[in-house]
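The chain contents come next:
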Amino acid sequence: MTDRIDPATLTDPRDLAAYWHTRLQSDEVTEQERAAFERWRQSDPDNARQYQRVLDIWALADALPKSQVSELGRARPAGTWRDRLGFGRPVWAVGLAVACSLALVLLVADPAGWREAPSYQAEFKTAHGERRQVVLPDDSMLTLNTDTVAAVRFFKNKRSVLLAKGEAFFQVEEDGTPFTVDVDSGMVRVTGTRFNVRRMHDHAFGVGVLEGSVEVDTGPWWRRTTVALGPGNTARSTAAGDIKVQSDVDMDRMLAWREGKVVFRGTLLADAIQEVNRYAQKRLTLADVSTGRLRVSGVFSIDDPASFVDSLPQIVPVAMRERSGVIEILPR
């Protein structure tokens, strides 16, 4: 068995993009590696572009006839069956070789496709606690929640957004051109609709539909799962490709952040604190697990997270203690 390569020895962003894509599909990937990947991708816009390029190649490969994909293996130089399957070489190299082969096929099949220059591209960001609304050239509207990064690219035959971090609400104008939202472990496809996409800290993502319909793809390229969502439907997917769909969800509550509010209805205090921490300048923590099992209800301003802190002792039996810029919540 060959030792796994150290990504620190790779200097070309293209090699690192192929390495990380292959590594993230592995059952052996660790949370530390996921965190290292996220740091790498966010450290340089070119890293994010190269990684998105790898995702585009694999996504487009799904549309190829199986005969063309299988031909890739037969086109490799002669050698033993172990050589053809990539034994004796680092896994990332196998992934890069396959990606390059797929790119060649795609160039022949669609010379004006994935390599064409975008007619429009832009990156939008929000700081911690900030919200921002952007109108795109097609009159679609993008509303970014706190700590969000979104890269928009328009081509002749498609419109795409890479949600690299955070949460965004999309109001898509239908013009006959497909509109997709890409995240680490999946993709959302729409024509004209209003929907929300949120990336989670564990590389999961959630989708909620207010109007219209969307398709959500998730899972590795060889085992994709696709679900259709309509108004009031939500889906949550994990990086492993599992997906859970819920119907008749209170979308007003889910999307209250657009109005500067967060709504809790019998919500576990632990979950409420996690949500408020997305906006608060001073981080909230729990003194013990049992306190986190208390339940809270109410409507609070995300533009004034201190109002949640001030109100909490009147809602549940807790006290507050601030130390080193962190507010600890204690049982009372």
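Coordinates for the structure precede this section.
Residues numbered from 1 in each chain as written. Predicted model: local features only at pLDDT ≥ 70, side-chain atom pairs only at ≥ 80, totals over all residues. Heavy atoms only, no water.

1. What about the overall build of the protein chain?
Inference 1: The helix and strand inventory of the protein chain stands at ten helices and 19 strands.
Inference 2: Across the 332 residues that make up the protein chain, the buried fraction comes to 45%.
Inference 3: Of all intrachain contacts in the protein chain linking residues separated by at least 6 positions in sequence, the fraction that spans at least 24 positions is 48%.
Inference 4: With an accessible surface of roughly 17,300 Å², the protein chain has 51% of that area assigned to carbon and sulfur atoms. (Helix = DSSP H or I, 4+ residues; strand = E, 2+ residues; numbered from the N terminus. Buried < 20%, exposed > 50% of the residue type's maximum accessible area, 1.4 Å probe, protein only. Contact = heavy atoms within 4.5 Å. Areas by Shrake-Rupley, 256 points an atom, 1.4 Å probe, with all protein chains shown as cover.)

2. Details of the sheet that holds strand β19 (residues 326–331)
Inference 1: An order of β16-β19-β18 is seen for the three strands of this open sheet, with the pairing classed as mixed. Looking at which strands have only one partner, the edges of the open sheet turn out to be β16 (284–286) and β18 (318–323). Mean inter-strand twist for the sheet, computed between neighbouring axes without regard to direction, equals 30 degrees.
Inference 2: Bridging between β18 and β19 involves six bridges; their strand directions are antiparallel. By the bridge assignment, Val318 is partnered in β19 with Pro331.
Inference 3: Here helix α8 (residues 269–276) sits on the sheet in contact with β16, β18 and β19, set at roughly 160 degrees to β16. (Pairing = 2+ DSSP bridges. Axes fitted to C-alpha atoms, helices over the stretch in contact; angles between N-to-C directions.)

3. Considerations on the nonpolar core
Inference 1: In terms of nonpolar packing, the biggest core is built from 28 residues, with Leu142, Phe170, Val188, Phe195, Val197 and Val214 touching the most fellow members.
Inference 2: The residues contacting Val197, other than those within four sequence positions of it, are Leu163, Gly166, Glu167, Ala168, Phe170, Val181, Val183, Val188, Gly206 and Val207.
Inference 3: If you look at the next biggest cluster of nonpolar residues, it comprises 23 residues, including Phe169, Trp257, Ala280 and Ile302. (Core = buried A, V, L, I, M, F, W, Y, C linked by side-chain atoms within 4.5 Å.)

4. Structural notes on the packing of aromatic side chains
Inference 1: A complete count under the given rule lists ten aromatic pairs for this structure.
Inference 2: For the ring pair Tyr19 and Trp20, a centre distance of 5.1 Å and an interplane angle of 75 degrees mean the geometry is edge-to-face. Here Tyr19 and Trp20 have matching classes, each one buried. (Phe/Tyr/Trp six-rings, centres within 6.5 Å; stacked < 30°, edge-to-face > 60°.)

5. Here's the deal with unusual backbone geometry
Inference 1: One non-glycine residue, Asp147, lies in positive phi territory at about 50 degrees.
Inference 2: Note on placement: Asp147 falls in the loop between β3 (141–144) and β4 (149–154).
Inference 3: Look at Asp147 and you get partly exposed, because its relative accessible area is 24%.
Inference 4: Phi at Asp248 takes a positive value of approximately 55 degrees, unusual for a residue other than glycine.

6. What about the sheet that holds strand β6 (residues 167–171)?
Inference 1: Ordered in space as β2-β3-β6-β9-β10-β13-β14, the seven strands form an open sheet in which the pairing is antiparallel. Of all strands in the sheet, those with a lone pairing partner are β2 (132–135) and β14 (243–246), marking the two edges. In this sheet, adjacent strand axes meet at a mean angle of 15 degrees when their direction is disregarded.
Inference 2: As paired elements, strand β10 (residues 205–211) and strand β13 (residues 234–237) share four bridges and run antiparallel to each other. Its bridge partner being in β13, Phe205 is matched across the sheet by Ser237.

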